[in-house]
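# A structural walkthrough
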Amino acid sequence: MPNIKFYDHAQIPMEMHKVKIVQKLNLLPARQRLVKMEEAGYNTFMLHNGDIFMDMLTDSGVNAMSDNMQAAMLHADDAYAGSETFYRMRDKLEEIMGIKYLLPAHQGRACEHIIAQHFVKPGSTVIMNYHFTTSKAHVTRLGGKVEELVKDEGLVTKSTLPFKGNIDLEKVKACIEKEGAENIAYMRLEAGTNLIGGQPISYENMKEATDLAKQYGILTVLDASLLQDNLYFIKIREESMKDKSIREITRMIADLFDIVYFSARKFGFGRGGGILVRDEAMFHELEDYVTMFEGFLTYGGMSVKEMEALIIGFEETMDMDVISQAPQFIKYCVDELDKYGVPMVTPGGGLGAHINAREFVDHIPSEQYPSGALVAALYMCGGIRGMERGTLSEERNPDGTEHIASVEMVRLAFPRRVFTLSQTEYVIDRVKWLYDHRHLIGGLRFVHEPKTLRFFTGKLEPVSDWPQKLMEAYIAEFGEEIE
Ligand code: F0G
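Criteria and cut-off values
Residues numbered from 1 in each chain as written. Predicted model: local features only at pLDDT ≥ 70, side-chain atom pairs only at ≥ 80, totals over all residues. Heavy atoms only, no water. Pairing = 2+ DSSP bridges. Helix = DSSP H or I, 4+ residues; strand = E, 2+ residues; numbered from the N terminus. Axes fitted to C-alpha atoms, helices over the stretch in contact; angles between N-to-C directions. Near = heavy atom within 4 Å. Polar contact = N/O pair within 3.5 Å; in protein donor to acceptor, adjacent residues only side chain to side chain. Areas by Shrake-Rupley, 256 points an atom, 1.4 Å probe, with all protein chains shown as cover. Nonpolar A, V, L, I, M, F, W, Y, C, P; charged D, E, K, R; others polar. Core = buried A, V, L, I, M, F, W, Y, C linked by side-chain atoms within 4.5 Å. Buried < 20%, exposed > 50% of the residue type's maximum accessible area, 1.4 Å probe, protein only. Contact = heavy atoms within 4.5 Å. Salt bridge = Lys/Arg side-chain N within 4 Å of Asp/Glu carboxyl O. Parallel < 35°, antiparallel > 145°, perpendicular 65-115°, else oblique. Left-handed = near helix turned anticlockwise from the far one by under 90°. Expected span 1.5 Å × (residues − 1). Domains from an automatic or database assignment. Buried area = accessible area lost by both parts, 1.4 Å probe. Phe/Tyr/Trp six-rings, centres within 6.5 Å; stacked < 30°, edge-to-face > 60°.

With that settled, the discussion passes to the sheet that holds strand β12 (residues 409-413). The strand order across the open sheet formed by three strands is β9-β12-β11, and the pairing between neighbours is antiparallel. Two strands bound the open sheet, and with one partner strand each, they are β9 (352-356) and β11 (387-389). Put simply, the sheet's adjacent strands are angled 30° from each other on average, direction ignored. Here β9 runs beside β12; their pairing, made up of five bridges, is antiparallel. Across the sheet, residue A353 finds its bridge partner in β12, namely L412.

Structure below.
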């Protein structure tokens, strides 16, 4: 990445690309946003994208493709079986990761389904640094359990630690001794760690953890969905790796694992997924699941156009200019808000900027969904859609009481190569205003509560008329926002 120096600024994160195709955004007038939020049942998943100005819900499947990725789509080879596109994709991944066998799948959770279906038995344990919702659900559905063994310091929201995703080796040893190595289905390391704020894991920690697993004969699995951000952090934060190229670091990481899988909705800037398997016999054992659940072995539920674009996307992931941008924008956003006093998860990680909602709206009890209320308020006060990551996303305890989340967060994702710095400044500005008016935000309660994954489709209502009062204050400050 070029070391651009500034005359009048300490540092400004830089877009290392130019915009060639655009999509017009729509900023609805303030009062209309209140109506849309009411119609969506105070659930940002239920908003229509056309009513959103800054969609920061996720980075999944919404990263910008490059000109070369789009161009590659034209020479995709359509075939049910034996598509040349598949062989090109397999060869590119082998070149980068050094793993020969590729099982294609339609997205990340499909890979998790296949891996869990094959290796997890009732009563078995899967060791993880931290879970992701879908990775855990596939294990528990099959009667297995997940042990999350991230170091305690990884869960401290405000911190300066460079690798909060690191797994605790002492906890791993104790877990293996307690459960018995033969009952551990596999060790899954997530690089970087989504649910604790996109926090990276160091190469050294991955090496030590996988060495330990190998001593006990335990299968090692890497979830590489967020690897591009993690590669960037290893390069800039891990002293012993700073002279290595991204390609060398990627290969060193892949060499540690028996299986590497990824959601290509994140890794590769497209849509799809894949499982890389080192062992030929294991590859053949897993093939059946692809043909049963995904599609034929040379597309696995993906469009060949997406696959062709991904081949270029994987190559672009090896470019420090490309993978630096999102983490640098996230750092800028986190640092600016942190300086202002907004409680943020620090240091900034990959994927997005994370607000500590439990502190931001500490007057809202967990049973009234502080993160859910904050994310709704942010849409009303700016047309910005974040994602609730707190008690609302949990399932109730068997006795019907709320399961209070250990962290209440709002995630503002930075899809890669999508937003500009001025849009980022706008988001920072609106979050600051909201922080200064946080006492106006109130709680939410369910009016329609689905039994499973209630956060996706549930409908809520405010516990008082706080949204009206908040919007009055907003309009007094910014006007009606009508052209
Ligand atoms: N693993 C990680 C680390 C993820 O972040 C995700 C998805 C998956 C697996 C599942 O992949 O969505 O392609 O099935 N994360 C998305 C998000 C949904 O918004 O963070 P998928």
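As a further point, take the site of the ligand. With respect to spatial proximity, 16 residues lie near the ligand, and among them T58, R109, N194, D223 and S263 are the closest. Within the side chain of D223, one N or O atom sits 2.6 Å away from a nitrogen atom of the ligand. Contact with the protein chains covers 95% of the free accessible surface of the ligand, which is 470 Å². No other element matches the three residues that helix α4 (residues 108-119) contributes to the shell around the ligand. Its residues assigned to classes, the shell around the ligand shows one nonpolar, eight polar and seven charged.

What follows concerns the nonpolar core. Ranked by internal contacts, the top residues of the largest apolar core, which has 58 residues, are I355, F360, M380, L412, V431, L434 and I441. Not counting residues up to four positions away in its chain, the partners in contact with I441 are F360, V361, H363, I364, A373, L374, A377, L434 and W466. Counting residues in each nonpolar core, the second largest holds 56 residues, with I127, L212, F233 and M318 among its members.

For the structure on display, the rule yields 37 salt bridges. In this structure, R454 engages E449 in a salt bridge whose closest nitrogen and oxygen atoms are separated by 2.8 Å. Because the salt bridges share partners, they merge into one network encompassing R33, D429, R430 and E481.

In contact at an axis separation of 10 Å, helix α1 (residues 30-39) and helix α17 (residues 466-478) are set at 160° when each is read in the N-to-C sense. Considering the angle they form, α1 stands roughly antiparallel to α17. Crossing handedness for the pair α1 and α17: right-handed. Counting all contacts with α1, which are made through A30, R31, R33, L34 and E38, the residues of α17 involved are P467, Q468, M471, Y474 and I475. Considering only residue class, the contact of α1 with α17 consists of six nonpolar, one polar and three charged.

It is worth spelling out α4 at this point. Between the first and last C-alpha of α4 there are 17 Å, a value that for 12 residues agrees with the 16 Å anticipated at 1.5 Å per step. α4 sits mainly inside the fold: 10 of its 12 residues count as buried.

Right, let's talk about the domain arrangement of the protein for a bit. What the domain assignment reports for the protein is domain 1 (30-59 + 322-478) and domain 2 (67-319). Between domain 1 and domain 2, the contact holds 25 residues from the first and 30 residues from the second. In total, about 2,200 Å² of surface goes out of reach between domain 1 and domain 2, with carbon and sulfur atoms giving 52% of it. Together, I323, P347 and R416 form the three largest contributors to the area buried by domain 1 at its contact with domain 2, with a combined 27%. Applying the counting rule to domain 1 against domain 2 returns four salt bridges.

Next up on the list: the packing of aromatic side chains. Under the criterion given, the structure shown has 18 aromatic pairs. Ring centres of F86 and Y87 lie 5.5 Å apart, and the angle between their planes is 75°; on these two criteria the pair is classed as edge-to-face. On the accessibility criterion, Y87 (30% relative accessible area) is partly exposed. Seen from their ring centres, Y474 and F478 are 4.6 Å apart, and the 45° between their planes marks the pair as tilted. Here the residue Y474 and the residue F478 both occupy positions in helix α17, the gap between them amounting to four residues, near one helical turn. Overall, F478 belongs to the partly exposed group, its relative accessible area being 28%. Taken together through their ring pairs, the aromatic side chains of F45, F455 and F456 make up a single cluster.

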